[in-house]
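# A look at the structure
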Amino acid sequence: MARLLDIVKFYLGRLGKVGAAGALLIGASLTYDQSVVRSKEVALGEQLMRNEQTRRDAISLRARAAQGAADAPGQPALAPAAAAALRRLFDAAAQAGLYLDRGEYRLMEVREAHLRRYQLSLPVTGSYPEIRAFVARALNADPALALSAIQLRRDRIESPDLEALLNFTLYLEAGA
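Below is a summary of the structure that appears in this document. (Residues numbered from 1 in each chain as written. Predicted model: local features only at pLDDT ≥ 70, side-chain atom pairs only at ≥ 80, totals over all residues. Heavy atoms only, no water.)

Here we take up helix α3 (residues 128-141). With 14 residues, α3 extends 20 Å between its outermost C-alpha atoms, agreeing within 8% with the 20 Å of an ideal straight helix rising 1.5 Å per residue. Every buried residue belonging to α3 is among Ile131, Phe134, Val135 and Ala138, and all of these are buried. For α3, the angular spread of the buried residues around the axis is 95 degrees, confining them to a single face. Projecting away from the buried face of α3 at angles above 90 degrees are the exposed residues Pro129, Arg132 and Asn140. Where α3 is buried, its residues touch α2 (80-96), β2 (115-126), β3 (145-153) and β4 (162-173). (Helix = DSSP H or I, 4+ residues; strand = E, 2+ residues; numbered from the N terminus. Expected span 1.5 Å × (residues − 1). Buried < 20%, exposed > 50% of the residue type's maximum accessible area, 1.4 Å probe, protein only. Arc of directions from axis to C-beta. Contact = heavy atoms within 4.5 Å.)

Put into structure tokens, the structure is as follows:
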């Protein structure tokens, strides 16, 4: 043990006072890294996993709420084709990072054409690329879906988020 201490003293003597202070700072920074930074990295990783799980839970909860709203008492039951189209619409919103918290749905019968027309009015908030990606994914996912109107509004010029009102029309056969 004395021999090891003599070796350390010898090399510290060769470094000088400035070198010894530098070696001490390096040792202190390595100790700080091991004791503080690593534990914070582990905590951050755990928090990111919890956030991801919470996000997945929220998406599934919204999907169940949408399904429950479609099956709500007092409301006409949705046709299976309409329910599937709405699921694709909600999936496209989730992939684009948007949430469809509320919306208006109206059914209109077009008797002479033997069609059912669902008018969907969906308010969303997000950045322009997110809204644009959602619209593109929704239209590509369902050929019977048409974009009727889009209104974009920004509260302040420096705000990155837009408030959009998207009006879609879903065309289905009368028996579907």
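The contact between α2 and α3 brings their axes to 8 Å, and the two run at 150 degrees. With respect to the hand of their crossing, α2 and α3 are arranged in right-handed fashion. Across the interface between the two elements, Arg88, Leu89, Ala92, Ala93, Gln95 and Ala96 of α2 pack against Glu130, Ala133, Phe134, Arg137, Ala138 and Ala141 of α3. Classifying every residue of the contact of α2 with α3 gives eight nonpolar, one polar and three charged. (Axes fitted to C-alpha atoms, helices over the stretch in contact; angles between N-to-C directions. Left-handed = near helix turned anticlockwise from the far one by under 90°. Nonpolar A, V, L, I, M, F, W, Y, C, P; charged D, E, K, R; others polar.)

Once that is clear, we can look at the packing of aromatic side chains. Here a ring pair, both rings aromatic, is described through the centre-centre distance and the interplanar angle of the planes. Under the defined criterion, the tally for this structure stands at two aromatic pairs. Relative to tyrosine 11, the ring of phenylalanine 10 lies with its centre 5.2 Å away and its plane at 70 degrees, an arrangement referred to as edge-to-face. Taking 6.1 Å as the distance between ring centres and 80 degrees as the angle between the ring planes, the aromatic pair formed by phenylalanine 134 and phenylalanine 168 counts as edge-to-face. Within this pair, whereas phenylalanine 134 is found in helix α3, its partner phenylalanine 168 is found in strand β4, the two being separated by 34 residues in sequence. Take phenylalanine 134 and phenylalanine 168: they sit in the same class, and that class is buried. (Phe/Tyr/Trp six-rings, centres within 6.5 Å; stacked < 30°, edge-to-face > 60°.)

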